[in-house]
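Each chain, letter by letter, is given below.
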Amino acid sequence: MGVTTGRVEEVYGAKLRDFTTVGIGGAAERMVFPRSLSEVQEILRSERQIGREVRFLGAGSNLLVNDGGVRGTVMCLKKNMGKMIFSPGGSVVAEGGTMLPRFAVLCALSGLSGAEELAGIPGTVGGAVSMNAGAYGRSIGELAEWVEIVDTEGRLARLEARDIRFAYREADFPVRGIVSRVGFRLAFGPSDQAFDRIKTYNEKRRASQPWGSRTFGSTFRNPRTGEKAARLLEQAGMKGVREGDALFSEKHANFLINAGPATAADALRLIERGRKAVRAAAGVELALEVKLWGVFDA
Ligand SMILES: Cc1cc2nc3c(=O)[nH]c(=O)nc-3n(C[C@H](O)[C@H](O)[C@H](O)COP(=O)(O)OP(=O)(O)OC[C@H]3O[C@@H](n4cnc5c(N)ncnc54)[C@H](O)[C@@H]3O)c2cc1C
C-alpha cells in the first residue's frame, strides 16, 4: 500500500478509514505528516505550484470520507506536530496536532484552569479551532489568544483571536489555511480541582454517549431554534435505526455508529433517513455537523 519516501513523511494510497474515528472511507491519493512549521510551508508551496489540492486532517473525529476516497494530498499534523509550550503568566502554545484530551490534562497538571470541558473531545487543537469545538458551555475559541495559520500558498499569518468570528461550531477566519499553532491564555487554578472537573465531565459523557464506539460524534448541528438534534431524532424514532452497518446510537440518537464494516453509502442513507424523519415529525430541517470528504451526490 503506502511508501515513505524522501525527506517528507508521506504515504500514497493511505486508507482514510484508519485515520478517522468512525472507521469509514476510501484512500487518499497522498498523505503527508509534516514534522515542522517549515515543512508545512514547503509542502503547501510545492503542492500549490503543481496545482494539487490539499486537505487538512486532524484526528478525523468529525469526518465522513466517501468510499471512493479523495484525490490530492491530505496533510495530517496529529502524528508529528503535537508539542506544547507553557510560559509564565498562564500562556500556553499548542501545535495544531495536539490532542485535546492531552492538552486539557497537561494544562490541569500545570495548575491552569479553563480547558477541562474540552478533555473528552477526541480531536486535535487545529481541528477544534477550525470549527470552534466545545462542550458543557465552553468552546475552544474563548480560550484562544491568537491562531497561527499557514495559507494555501505556504505563507504564515498570525491572527488575533478577536479577528476570528467564532460562533456555535464554526469559525470564520480572515485567512484560509491550516491551523499550525494556537496561543492560549488560561487562568490559574488548583490542579486537583481541575482534575475533579475533568472526571465529572467524562463521567457525564460516559453516561450519555456511546463511549468506545466507532463514531464521528454528533451527526447534525443543534438547530437555531434551541432544540437539540438528538432529541428531535429520538422523537422521530431514530434511536437504534440501522442502514447496513451504520446505526444511530441507542444511547444518543445524534451519534452515528459504525457497527460493522459500514460504508459511507450506509452512513449517508442513514443520515438522509434521519433528516427525513425529523422533517416529517417536527418540520425541522437538520444541517450536518460532520464534514463530508469526497464526491457525494447529495
Ligand atoms: C466520541 C466523540 C465525541 C465528540 N464530542 C464532541 C463535543 O463534545 N464537542 C464538539 O465540538 N465536538 C465533538 N466531537 C467532534 C470532534 O471531536 C470535534 O469536532 C473535533 O474538534 C474535530 O477535530 P479533529 O482534529 O478530529 O478534526 P477532523 O475531524 O480531522 O477535521 C474536521 C474539520 O477540521 C479541519 N481541520 C482539521 N485539522 C485542521 C487544521 N490543523 N487546520 C485547519 N483545519 C483543520 C478539517 O479539514 C475538517 O474540515 C466528538 C467526536 C467524537 C468521535
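Here, the structure is the one placed above.
Here goes a summary of the coordinates provided.

Rules of the game
Residues numbered from 1 in each chain as written. Predicted model: local features only at pLDDT ≥ 70, side-chain atom pairs only at ≥ 80, totals over all residues. Heavy atoms only, no water. Pairing = 2+ DSSP bridges. Helix = DSSP H or I, 4+ residues; strand = E, 2+ residues; numbered from the N terminus. Axes fitted to C-alpha atoms, helices over the stretch in contact; angles between N-to-C directions. Buried < 20%, exposed > 50% of the residue type's maximum accessible area, 1.4 Å probe, protein only. Patch = residues over 30% accessible without salt bridge, like charges linked within 9 Å, V, L, I, M, F, W, Y side chains within 5 Å. Areas by Shrake-Rupley, 256 points an atom, 1.4 Å probe, with all protein chains shown as cover. Salt bridge = Lys/Arg side-chain N within 4 Å of Asp/Glu carboxyl O. Contact = heavy atoms within 4.5 Å. Core = buried A, V, L, I, M, F, W, Y, C linked by side-chain atoms within 4.5 Å. Phe/Tyr/Trp six-rings, centres within 6.5 Å; stacked < 30°, edge-to-face > 60°. Lys NZ or Arg CZ within 6 Å of the ring centre and 35° of its normal.

1. Here's the deal with the sheet that holds strand S2 (residues 27–32)
Taken in spatial order, the four strands of this open sheet run S1-S2-S5-S3, and their pairing is mixed. Edge strands, defined here as strands with exactly one partner in the open sheet, are strand S1 (10–15) and strand S3 (54–57). For this sheet, the mean angle separating the axes of adjacent strands, direction not counted, is 35°. Pairing analysis gives four bridges linking S2 to strand S5 (residues 70–76), with the strands arranged parallel. Its bridge partner being in S5, Val 32 is matched across the sheet by Met 75.

2. Overview of the pairing of strand S20 (residues 255–258)
Alternating residues of S20 divide into Phe 255 and Ile 257 and Leu 256 and Asn 258, and every residue in both groups is buried. One ladder, built from three bridges, connects strand S19 (residues 246–248) with S20; its direction is antiparallel. From the neighbouring strand, Phe 248 faces S20, where its bridge partner is Leu 256.

3. Notes on a nonpolar patch on the surface
There is a patch of nonpolar side chains on the surface, built from Val 105, Leu 109 and Phe 195 and spanning about 240 Å² of accessible area. Mapped onto the secondary structure, Val 105 falls in helix H2 (residues 100–109). With a relative accessible area of 32%, Val 105 lands in the partly exposed category.

4. Notes on the pattern of salt bridges
Evaluated as defined, the whole model comprises 30 salt bridges. In this structure, the salt-bridge partner of Glu 148 is Arg 181, at a minimum N-O distance of 2.9 Å. Linking Glu 148 in strand S11 (residues 144–151) with Arg 181 in strand S15 (residues 177–185), this pair joins segments that are 33 residues apart in sequence. For Arg 181, a relative accessible area of 29% puts it in the partly exposed group. When the shortest N-O distance is used, the salt bridge between Glu 285 and Arg 279 registers 2.7 Å. Among the residues examined, Arg 279 registers a relative accessible area of 35% and is labelled partly exposed.

5. Concerning the sheet that holds S15
Pairing is antiparallel in the open sheet, where five strands are placed in the order S6-S7-S15-S11-S12. Of all the strands in the sheet, just strand S6 (84–87) and strand S12 (156–160) have a single pairing partner and so form its edges. Between one strand axis and the next, the sheet turns through 20° on average, direction left out of account. Relative to strand S7 (residues 91–95), S6 is paired through four bridges, and the arrangement is antiparallel. Residue pairing in the sheet places Ser 87 in a bridge with Ser 91 of S7. Against the sheet, helix H1 (residues 37–50) makes contact with S11, S12 and S15, and its axis sits at roughly 40° relative to S11, the strand it touches most. Of the strands in this sheet, S6, S7 and S15 touch H2, which is tilted by about 25° from S6.

6. Details of the nonpolar core
One finds Val 92, Phe 103, Val 125, Val 147, Phe 173, Val 182 and Phe 184 to be the most contacted residues of the largest nonpolar core, which totals 34 residues. Taken together, the elements giving at least two residues each to this core come down to S7, H2, helix H3 (125–130), S11, S15 and helix H4 (191–208). Looking at this core, the element that brings in the most residues is H2, giving five residues. The contact partners of Val 125, leaving out residues within four places of it in the chain, are Ala 94, Glu 95, Gly 96, Thr 98, Leu 100, Phe 103, Ile 140, Val 182 and Phe 184. In this structure, Ile 24, Leu 232, Leu 233 and Met 238 belong to the second largest nonpolar core, which totals 25 residues.

7. Let's talk about the packing of aromatic side chains
The description of an aromatic ring pair rests on the distance of the ring centres and on the angle between the ring planes. Tallied over the full model, the rule gives three aromatic pairs. When the centroid spacing of 4.7 Å and the interplanar angle of 45° are considered together, the rings of Phe 103 and Phe 184 count as tilted. Note that Phe 103 is positioned in helix H2 and Phe 184 in strand S15, a separation of 81 residues in sequence. You'll find Phe 103 and Phe 184 in the same group, each marked buried. On the numbers, 4.9 Å between centres and 15° between planes, the contact of Tyr 136 with Tyr 201 is stacked. Remark: Tyr 201 occurs in helix H4 and Tyr 136 occurs in the loop between strand S9 (134–135) and strand S10 (138–139); sequence separation between them is 65 residues. Residue classification places Tyr 136 among the partly exposed residues on the basis of a relative accessible area of 32%. We note Arg 206 situated over the ring of Trp 211; from NZ or CZ to the ring centre the distance is 4.4 Å.

What is shown is where atoms sit, not what they do.
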